[in-house]
Number of protein chains: 2
Amino acid sequence: MTHIVKCNPKSLNPCHCLNIRRASRAITHFYEKLLEPSGLKVTQYSLLRNLELVEPVSMSVLAKIMRIDRTTLNRNMKPLIISGLITANSGEDLRSKQVILTEAGKAALLNAWPLWDEAQASLEKYVGAAELDAFEKLLSKLEALAL
Amino acid sequence: MTHIVKCNPKSLNPCHCLNIRRASRAITHFYEKLLEPSGLKVTQYSLLRNLELVEPVSMSVLAKIMRIDRTTLNRNMKPLIISGLITANSGEDLRSKQVILTEAGKAALLNAWPLWDEAQASLEKYVGAAELDAFEKLLSKLEALAL
DNA sequence: AAGATATTAGTGTATATACACGTTTAATTC
DNA sequence: GAATTAAACGTGTATATACACTAATATCTT
């Protein structure tokens, strides 16, 4: 993140929206760096991880579980399908597609897990457990803003 | 945000990164909805607003002030240039481009301001001033994670 | 002044996000 | 059972994000 400077002139940006977006980008960058050796993005790791918990599952249901847009999930799945980490095939209901992890997907998940765990633990240490907990509660409340 | 459901089965997603990303999306959605009548996205409003404070300014400097990536700024500027809200022209230093608001840009900003202000105020009311303040402090700290 | 270095911007590529629209298939209604 | 409605998915489009690479220009060094 070469664009971030410690000393930023005239930076009084009180927009709460931009502030959380910036923090979101920073945390994402932090996780991505640590996940880099796995070849997975944090969204991809998350997709695999959620899939592991609920597979086989339709795309719509998976999107709801992950609380992301259905069409975003559709697009995010593509690189994982191409690299053979997941598959999505129609079952009885020809409308829906059942998504599952492949063996390679399970392996990728196992491989990436300690990296993600380190990111997670580092963040907890950086912020502090109690404060992070309060933070997460507020994040939940903010998420509800869009309902 | 049709994909968000109040009752989500098996949703124990402790990934801090995804949590803040979700909250970020939700807040963005909230601001976008309120800004909709202005025809501006929240990033665009922010670009115009920052520009108003520091124009004329080069793209690199503006990116640093806004704490966004230089190339992201470049891309985000394009719709605003096309719709005639800003201009970017080389000055003495032929490498850099000085970005300024057009009259239409100033008008758009004036028009959008009360909408943004309402979003901002609503959020403050929803979260609570004290809690929001603590939240913002933590966001700052998190932003520093990427330095 | 010539060559090396640094600065500034643009673009190719890839992922992330989501709205609007269309298509296919299943379920419901009459 | 035919017509309607609903559900599930895909895609076009637009914005947001950022890394790698390139091109142009300015500055510095000797």
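Let us look at the structure shown here. (Residues numbered from 1 in each chain as written. Chains lettered and ligands numbered in written order. Predicted model: local features only at pLDDT ≥ 70, side-chain atom pairs only at ≥ 80, totals over all residues. Heavy atoms only, no water.)

**As for the relation of the copies chain A and chain B**
Reasoning step 1: Rotating chain A by 180 degrees and translating it 0.0 Å along the rotation axis places it on chain B, where the RMSD comes to 0.0 Å. On the angle and the small slide along the axis, the relation comes out as a two-fold axis.
Reasoning step 2: Take the interface residues of chain A: 100% of them recur as interface residues in chain B, which is what a same-surface contact looks like. (Least-squares fit on C-alpha atoms with pLDDT ≥ 70 in both. Contact = heavy atoms within 4.5 Å.)

**Quick notes on the protein's contact with DNA strand D**
Reasoning step 1: Within the structure, DNA strand D sits among 27 residues, and Arg25(A), Ser60(A), Asn74(A), Thr43(B) and Arg75(B) are positioned closest to it.
Reasoning step 2: Considering the 4 Å shell around the protein, atoms of DNA strand D inside it are sugar or phosphate in 62% of instances.
Reasoning step 3: Between DNA strand D and the protein, one listed contact pairs a phosphate oxygen with a side-chain N or O atom of Lys78(A) at 3.4 Å.
Reasoning step 4: The contact in question runs from a sugar or linking oxygen of DNA strand D to an N or O atom on the side chain of Arg95(B), over 3.3 Å. (Near = heavy atom within 4 Å. Polar contact = N/O pair within 3.5 Å; in protein donor to acceptor, adjacent residues only side chain to side chain.)

**Here's the deal with unusual backbone geometry**
Residue and element names in this part refer to chain A.
Reasoning step 1: Note that the residue after Glu55, namely Pro56, is joined by a cis bond; omega there is -5 degrees.
Reasoning step 2: Turning to its location among the elements, Pro56 is positioned in the loop between α2 (42-54) and β1 (57-58).
Reasoning step 3: For Arg67, which is not glycine, the phi dihedral falls at a positive 55 degrees.
Reasoning step 4: Relative to the elements of secondary structure, Arg67 occurs in the loop between α3 (59-66) and α4 (70-82).
Reasoning step 5: The exposure class assigned to Arg67 is buried, which follows from its relative accessible area of 11%. (Helix = DSSP H or I, 4+ residues; strand = E, 2+ residues; numbered from the N terminus. Buried < 20%, exposed > 50% of the residue type's maximum accessible area, 1.4 Å probe, protein only.)

**Looking at the packing of aromatic side chains**
Reasoning step 1: With the rule as written, the count across this model stands at five aromatic pairs over all chains.
Reasoning step 2: Note on Phe30(B) and Tyr31(B): the rings are 6.1 Å apart at their centroids and 80 degrees apart in plane angle, and the pair reads as edge-to-face. Note on accessibility: Phe30(B) and Tyr31(B) belong to one class, buried.
Reasoning step 3: Between Tyr45(B) and Trp116(B), the ring centres sit 5.6 Å apart and the planes meet at 20 degrees, which makes this aromatic pair stacked. Here Trp116(B) lies in helix α5 (residues 103-127) and Tyr45(B) lies in helix α2 (residues 42-54), a separation of 71 residues in the sequence.
Reasoning step 4: Classification of Tyr45(B) by relative accessible area gives buried; the value is 3%.
Reasoning step 5: Classification of Trp116(B) as buried rests on a relative accessible area of 11%.
Reasoning step 6: The positively charged end of Lys141(B) is found above the aromatic ring belonging to Tyr126(A), 5.2 Å away from the centroid. (Phe/Tyr/Trp six-rings, centres within 6.5 Å; stacked < 30°, edge-to-face > 60°. Lys NZ or Arg CZ within 6 Å of the ring centre and 35° of its normal.)

Function-wise, these values are silent; they only describe arrangement.
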